[in-house]
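Residue-level structure breakdown
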Amino acid sequence: MVREAKKEDLNALLELYLFLHEDSIPEQDLHLENTWTQIIEDRNHHLLVNEIDGKIVSSCVCVIIPNLTRNVRPYAFVENVVTHADYRKKGYAGECLDYARKIAEQENCYKMMLLTGSKKPETLRFYEKAGYNSSDKTAFIQWLGMDK
């Protein structure tokens, strides 16, 4: 079942992110608590989870960004698409992306963008199957405050 994350989902999400690119769970401190509260309370920030038998197995983030172009229509940005290794290739991440698309459509977004760091052909095919293409835009990244 795909749904919006709730306040009590934090620890399960942090554990799931170990299957994304994190190598440890952040310290449970005031900064983490404030960041989590900011995410949960932001009406434009949708942290989606797919819960199977009470366990969060997949997730993505969909942020709606207000915009002054394209007839003042917002756009959506999708990030942090992840599925627990034991639950991959079962359609759970695809269900999260479908839910994100519904949110973007309800918010009258004119486009959705998604970035991936993966170069794996199967991952890229997954995003193409979900309706994304890599030919319309070129992405550039500038990393700040970290070695990359």
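Look a little higher up for the structure.
Residues numbered from 1 in each chain as written. Predicted model: local features only at pLDDT ≥ 70, side-chain atom pairs only at ≥ 80, totals over all residues. Heavy atoms only, no water.

A separate point is the sheet that holds strand 3 (residues 55–65). Across the sheet, five strands lie side by side as 1-2-3-4-5; this open sheet has mixed pairing. The sheet terminates laterally at strand 1 (2–4) and strand 5 (112–114), the two strands that pair on one side only. Sheet twist, expressed as the mean angle between neighbouring strand axes with direction ignored, is 30°. Summarising the sheet, strand 1 and strand 2 (residues 45–52) pair through three bridges and their orientation is antiparallel. Within the sheet, the bridge partner assigned to arginine 3 lies in strand 2 and is valine 49. (Pairing = 2+ DSSP bridges. Helix = DSSP H or I, 4+ residues; strand = E, 2+ residues; numbered from the N terminus. Axes fitted to C-alpha atoms, helices over the stretch in contact; angles between N-to-C directions.)

On to the pattern of salt bridges, then. On inspection of all chains with the given rule, the structure shows four salt bridges. For arginine 3, the salt bridge identified is with aspartate 9, shortest N-O distance 2.7 Å. Each of the two residues, arginine 3 as well as aspartate 9, counts as buried. Between arginine 3 and glutamate 51 there is a salt bridge, with its nearest N and O atoms 3.0 Å apart. Taken together, the positions of arginine 3 in strand 1 and glutamate 51 in strand 2 put the pair 48 residues apart, joining distant regions of the chain. Each of Arg3, Asp9 and Glu51 takes part in a single network of salt bridges with overlapping partners. (Salt bridge = Lys/Arg side-chain N within 4 Å of Asp/Glu carboxyl O. Buried < 20%, exposed > 50% of the residue type's maximum accessible area, 1.4 Å probe, protein only.)

Cys60, Val78, Val81, Leu97 and Leu114 are the most contacted members of the largest nonpolar core, which has 18 residues in total. Mapped by element, the contributors of at least two residues to this core are strand 3, strand 4 (75–83) and helix 3 (92–106). When residues in this core are grouped by element, the largest group, six residues, is from helix 3. Ignoring anything within four residues of it in the chain, the contact list for leucine 114 reads Val78, Val81, Leu97, Tyr127 and Tyr132. Core analysis: the next-biggest nonpolar cluster, separate from the first, contains 14 residues, Tyr17, Leu32, Trp36 and Ile56 among them. (Core = buried A, V, L, I, M, F, W, Y, C linked by side-chain atoms within 4.5 Å. Contact = heavy atoms within 4.5 Å.)

Consecutive side chains of a regular strand alternate in pointing toward one face of the sheet and then the other. For strand 2, the tally of buried residues reaches seven of eight residues, placing the bulk of the element in the interior. Two strands pair when backbone bridges link them, and strand 2 and strand 3 are joined in this way by eight bridges, in the antiparallel orientation. Note on strand 3: the bridge partner recorded for glutamate 51 is isoleucine 56. What sits between strand 2 and strand 3 in their antiparallel hairpin is a turn of two residues, with aspartate 53 showing a positive phi close to 50°.

Below, the discussion takes up helix 2 (residues 30–41). Because each turn of an α-helix spans 3.6 residues, side chains separated by three or four positions in sequence point in the same direction. In this model helix 2 runs 16 Å from its N-terminal to its C-terminal C-alpha over 12 residues, within 8% of the 16 Å that 1.5 Å per residue would give. When helix 2 is considered as a whole, its buried residues turn out to be Leu32, Trp36 and Ile39. When helix 2 is viewed along its axis, its buried side chains cluster within an angular range of 60° and face the same direction. The outward face of helix 2, more than 90 degrees from its buried face, is lined by the exposed residues Leu30, His31, Gln38 and Glu41. On its buried face, helix 2 sits against helix 1 (10–16) and strand 2. Two or three places before histidine 31, at the start of helix 2, stands the capping residue aspartate 29, its side-chain oxygen 3.3 Å from that residue's backbone nitrogen. (Expected span 1.5 Å × (residues − 1). Arc of directions from axis to C-beta. Polar contact = N/O pair within 3.5 Å; in protein donor to acceptor, adjacent residues only side chain to side chain.)

Moving on, we get to the pairing of strand 3. Of all the 11 residues making up strand 3, eight are buried; the element is thus mostly covered by neighbouring parts of the structure. With seven bridges connecting them, strand 3 and strand 4 associate as antiparallel partners. Across the sheet, the residue bridging to isoleucine 64 is alanine 76, located in strand 4.

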